[in-house]
Amino acid sequence: MRIYNTMTRQKEEFTPREPGKVGIYVCGVTPYAQTHIGHARVAVLWDVFKRYLEFKGFEVTLISNFTDVDDKIIAKANQEGLSARDIAERYIADYFEAMQALGVRPADRHPRVTEEISEIIKVVSALIEKGHAYEAGGDVYFDVASFPEYGKLSGRSPEEMEAGSRVEINPLKRNPLDFALWKAAKPGEPAWESPWGPGRPGWHIECSVMSLKYLGEGFDIHGGGLDLVFPHHENEVAQSEAFIGSPFARYWVHNGMVQVDQEKMSKSVGNTAAVREVIKHWDPLVIRFFLISTHYRSPLNFGPEELAAASKGWERLVNAKHRLDKVVLVAASGEGEETPEVVAVRQACAECREKFVAAMDDDFNTALAISALYELVRAVNPHLNQALQGNNNYRTAVWLAAFADCQGLLTVYGQILGIFPQGGTVDESDPGLVADLVELLLELRAEARAAKNWALADHIRDRLGQIGVEVKDTPSGATWELKR
RNA sequence: GGCGGCAUAGCCAAGUGGUAAGGCAGAGGGCUGCAAAACCUUUAUUCCCCAGUUCGAAUCUGGGUGCCGCCUCCA
């Protein structure tokens, strides 16, 4: 596999620290507002990457944090007369709800800053002892000058940054680029006791401490949004490597921003789309499909036209999957012949298999991987039409094996991408009261159609459609399916 | 102002030296009582512009233009 590494600005062959195991840390959210599509992109991407790595046989550990104490949370808490903890809990719950809707599996651990304070204090103390940090007025700052490689991740030099300085003047800092490891508490703020007085951790130190704690030194992959490269990840590199004296993470993987009208979606711009709201209008799986339909490092524009296109394409794949699920239940009657058609379908499977894996192996190219699925669907669909309409030439063992091959591929790759509804659908093959009632109505409708009573026939179809039962006529009778 | 990235059809989007994937939308066709689904045909002599390297470039080099991100909280 090849993965693009921000540190070296090129794709590199991926070799894990320990054969067969991959440790991944992805910067999570600061829970002070509703989870938006930008957050969803990161989560969905890493969910897919993790599933793919597992498919490849790796044992994956994914860690993603919550920054559950910070200025924004405190401000929001004061505004609402609640505690910072209340605010954090509320939006962490919102995050998990959004993730569940999008089919994102929880990370192996979701550590929280407030539960790691003692670890953080240990690391900050060690950095002071090693001469990489200093206390000033109850704050503790990292001394950037003590880390000569500062800037290596984001590709900047300290001199350049000071030249263009938009960095605020803080008289406590020795150097404008120094950043807080520990912040002294102001009155009324949540605080923890420390050797430097009551206070709380700075933003960057938590990720260093938690990633090292749960994954160890030199873990495999550190991910996050492209907007975190500087200063957040640059600072993580500096403080972590100053602390452990060896490389921090092996690969740095950053995803592009979700945009609205070609502008970054962010809380400060005020153009965020909350997952909670968006899923009222679109199937969450369409959102998920949309988020992986572009390469992860590219910007992704979020808008109604883009979603509509994604939705259509997604439905095409879902329909094909459902049709395959149905056709493989047919019992074979006879072995059948190796016709050029069936050979072509099997060939399409082989190509799909090869293309999907090659695409994902090349820096998680989900867009290309999805196109492999479309090509498979296009190859099998005409035959699926025939088979489902009762053409007996397709009730053979060779054809059913070919269909099963297609179905297997869509199932396995669909699970990696997480784009298909779980649990299948309710249709005429499911016994039960619902099926009996629908069948009864369709019998009546068939009689109406036989009598050319189109008004009644259409009325039944329309009303069933409103209830959520989609009816489709075929030469061999009507089929139906429960849509949700 | 500094640093980084991107520019491919109406739209979205792959493709990093060998002659332009895929999806959506559009047009035509076939199927249907109508619809839905699915199918067939069609849609970039060309990849922002200019120069260069090469037998050959969307792909490499130089210059230009436009857009985005970061430099302040941000996924």
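Residues numbered from 1 in each chain as written. Chains lettered and ligands numbered in written order. Predicted model: local features only at pLDDT ≥ 70, side-chain atom pairs only at ≥ 80, totals over all residues. Heavy atoms only, no water.

**Here we look at the domain arrangement of chain A**
Stage number 1. Segmenting chain A into domains produces domain 1 (2-291), domain 2 (313-417) and domain 3 (433-482).
Stage number 2. Distance from the C-alpha centre of domain 1 to the C-alpha centre of domain 2: 41 Å.
Stage number 3. Around 1600 Å² of area is buried between domain 1 and domain 2 when both sides are counted, 68% of it from carbon and sulfur atoms.
Stage number 4. The largest contributions to the domain 1 side of the interface with domain 2 come from Y52, F55 and F289, which together make up 39% of the buried area.
Stage number 5. Along the contact surface separating domain 1 from domain 2 lie two salt bridges.
Stage number 6. D362 is the salt-bridge partner of K11, the closest N and O atoms lying 3.0 Å from each other.
Stage number 7. Of all the secondary-structure elements, those providing two or more residues to the side of domain 1 that touches domain 2 are β1 (2-5), α1 (37-55) and α9 (284-292).
Stage number 8. At six residues, the largest contribution of residues to the side of domain 1 that touches domain 2 is made by α1. (Domains from an automatic or database assignment. Buried area = accessible area lost by both parts, 1.4 Å probe. Salt bridge = Lys/Arg side-chain N within 4 Å of Asp/Glu carboxyl O. Helix = DSSP H or I, 4+ residues; strand = E, 2+ residues; numbered from the N terminus.)

**Structural notes on a negative patch on the surface**
Stage number 1. On the surface, a cluster of negative charge is made up of D436, E439, E443 and E447.
Stage number 2. The topology assignment puts E447 in helix α14 (residues 433-450).
Stage number 3. By relative accessible area, E447 is classed as exposed at 52%. (Patch = residues over 30% accessible without salt bridge, like charges linked within 9 Å, V, L, I, M, F, W, Y side chains within 5 Å. Areas by Shrake-Rupley, 256 points an atom, 1.4 Å probe, with all protein chains shown as cover. Lys, Arg positive; Asp, Glu negative; His and termini not counted. Charge placed at Lys NZ, Arg CZ, Asp CG, Glu CD. Buried < 20%, exposed > 50% of the residue type's maximum accessible area, 1.4 Å probe, protein only.)

**Considerations on the nonpolar core**
Stage number 1. Within the largest apolar cluster, 88 residues are counted, with the highest numbers of intra-cluster contacts made by I37, F356 and F403.
Stage number 2. Looking at this core, the element that brings in the most residues is α1, giving 11 residues.
Stage number 3. Aside from chain neighbours lying at most four places away, what touches I37 is V258, M265, A273, V275, V278, I287, L291 and F302. (Core = buried A, V, L, I, M, F, W, Y, C linked by side-chain atoms within 4.5 Å. Contact = heavy atoms within 4.5 Å.)

**Quick look at the sheet that holds strand β11 (residues 258-260)**
Stage number 1. An order of β12-β11-β13 is seen for the three strands of this open sheet, with the pairing classed as mixed. One side of each edge strand has no neighbouring strand; the edge strands of this open sheet are β12 (263-264) and β13 (300-301).
Stage number 2. Sheet topology note: the β11/β12 ladder contains two bridges and is antiparallel. Following the sheet pairing, Q259 is matched in β12 by K264. (Pairing = 2+ DSSP bridges.)

**Quick look at the environment of G131**
Stage number 1. Structurally, G131 can be placed in the loop between α4 (117-129) and β5 (133-136).
Stage number 2. Look at G131 and you get partly exposed, because its relative accessible area is 43%.
Stage number 3. In this structure the C-alpha to C-alpha distance between G131 and G408, which are 277 residues apart in sequence, comes to 58 Å.
Stage number 4. Discounting residues that sit within four places of it in the chain, G131 has contacts with D143 and S146.

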